[in-house]
2 protein chains.
Amino acid sequence: MTEQGCLFCRIANKEIPAKVVFEDSRIIAFEDVNPQAPVHILLIPKKHIEKISDLTKDNADMVGHLVLAANKIAAEQGIRDAGYRLTINCNKDAGQAVFHLHMHLMGGRKFAWPPG
Amino acid sequence: MTEQGCLFCRIANKEIPAKVVFEDSRIIAFEDVNPQAPVHILLIPKKHIEKISDLTKDNADMVGHLVLAANKIAAEQGIRDAGYRLTINCNKDAGQAVFHLHMHLMGGRKFAWPPG
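Below: a short report on this structure. (Residues numbered from 1 in each chain as written. Chains lettered and ligands numbered in written order. Predicted model: local features only at pLDDT ≥ 70, side-chain atom pairs only at ≥ 80, totals over all residues. Heavy atoms only, no water.)

Some words on the interface of chain B and chain A
Logical step 1: Taken residue by residue, the interface counts 38 residues in chain B and 38 residues in chain A.
Logical step 2: When chain B packs against chain A, the two sides together hide about 3400 Å² of surface, and 59% of this comes from carbon and sulfur.
Logical step 3: Looking at the side of chain B facing chain A, the largest losses of area belong to D93(B), W113(B) and G116(B), adding up to 19% of the total buried there.
Logical step 4: If you look at where chain B meets chain A, you find two salt bridges. (Contact = heavy atoms within 4.5 Å. Buried area = accessible area lost by both parts, 1.4 Å probe. Salt bridge = Lys/Arg side-chain N within 4 Å of Asp/Glu carboxyl O.)

Here is the structure:
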């Protein structure tokens, strides 16, 4: 379940503090320490999954669970109607920096195109 | 199921041609007509859902289905290991241009941060 030395596993296990905005039995969401928008939340499964390309039929429902939580947080933070961008980076070219699956929820400003 | 005048419903219904790269009973994936990366695919549910914030517990599994298809396409297009970025825009601030839920799969180059 937990990968030794994984930053996000340590946050999920409360070994490292984070500004948690949502949590249930399967996932946890917290503020990005290097925010790129007025609202910038990371949503992660508590179970260690390295990257989005590792998902299979058996655990792909995790993504829907993350999205429903992101929607709820977006509503709470008052950005749902103006808009928000969800981003998942897979591997180096995309800039995945922590190899524990995470979804970025960003809002509170206008976003440019392309997305990076 | 189909929203009159919706561009993506018309693509799903084959009323407008698109370069389709994947299709099953629930979703269809096709090349973006204004690509922002060497690989730029749009993945959509065939059923009309306006935006990601409209998902509920009853249909949130759609996102996992889209992600598994994106992973498969990424492998086929040879970008899985180098990396790819998945993006979903919700509402105007995020730049959602077509109000039929879609996920962008982009790869084949390095991506900058922030994502727009």
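So that's the structure; there's more coming.
Focus: the relation of the copies chain B and chain A
Logical step 1: Each copy of the sequence occupies a distinct position, and chain B is placed on chain A by a rotation of 180° and an axial shift of 0.0 Å, giving an RMSD of 0.0 Å. The relationship between the two copies is best expressed as a two-fold rotation axis.
Logical step 2: With an isologous cut-off of 70% or more, the 100% of interface residues of chain B that recur at the interface of chain A puts this contact in the isologous class. (Least-squares fit on C-alpha atoms with pLDDT ≥ 70 in both.)

Notes on the side chain of H40(B)
Logical step 1: One can find H40(B) in strand 3 (residues 39–45).
Logical step 2: In this structure the side chain of H40(B) is engaged in a polar contact, spanning 3.0 Å, whose partner is the backbone nitrogen of Q36(B).
Logical step 3: At 2.9 Å, the side chain of H40(B) and the side chain of H104(B) are in polar contact.
Logical step 4: Once residues lying within four places of it in the same chain are set aside, the contact partners of H40(B) are W113(A), F30(B), E31(B), D32(B), N34(B), P35(B), H104(B), L105(B) and M106(B). (Helix = DSSP H or I, 4+ residues; strand = E, 2+ residues; numbered from the N terminus. Polar contact = N/O pair within 3.5 Å; in protein donor to acceptor, adjacent residues only side chain to side chain.)

Regarding the pairing of strand 1 (residues 20–23) of chain A
All names here are of chain A.
Logical step 1: Note: strand 1 against strand 2 (residues 27–31), three bridges, orientation antiparallel. Residue V20 lies in a different strand from strand 2, and its bridge partner there is F30.
Logical step 2: Counting the residues between successive antiparallel strands, the hairpin from strand 1 to strand 2 contains three residues. (Pairing = 2+ DSSP bridges.)

Some details on the state of the cysteines
Residues and elements named next belong to chain A.
Logical step 1: If you walk through the whole model with that rule in mind, you get zero disulfides over all chains.
Logical step 2: Take C9: it sits in no disulfide, and the sulfur closest to it among the cysteines is that of C6, at 3.8 Å.
Logical step 3: Given a relative accessible area of 1%, C9 falls into the buried group. (Disulfide = S-S within 2.5 Å. Buried < 20%, exposed > 50% of the residue type's maximum accessible area, 1.4 Å probe, protein only.)

Here's the deal with the nonpolar core
Logical step 1: In terms of nonpolar packing, the biggest core is built from 50 residues, with L43(A), I52(A), L105(A), L43(B) and I52(B) touching the most fellow members.
Logical step 2: Each residue touching I52(B), except ones within four places of it in the same chain, is listed here: V67(A), N71(A), Y84(A), L86(A), V63(B), I88(B), C90(B) and L101(B). (Core = buried A, V, L, I, M, F, W, Y, C linked by side-chain atoms within 4.5 Å.)

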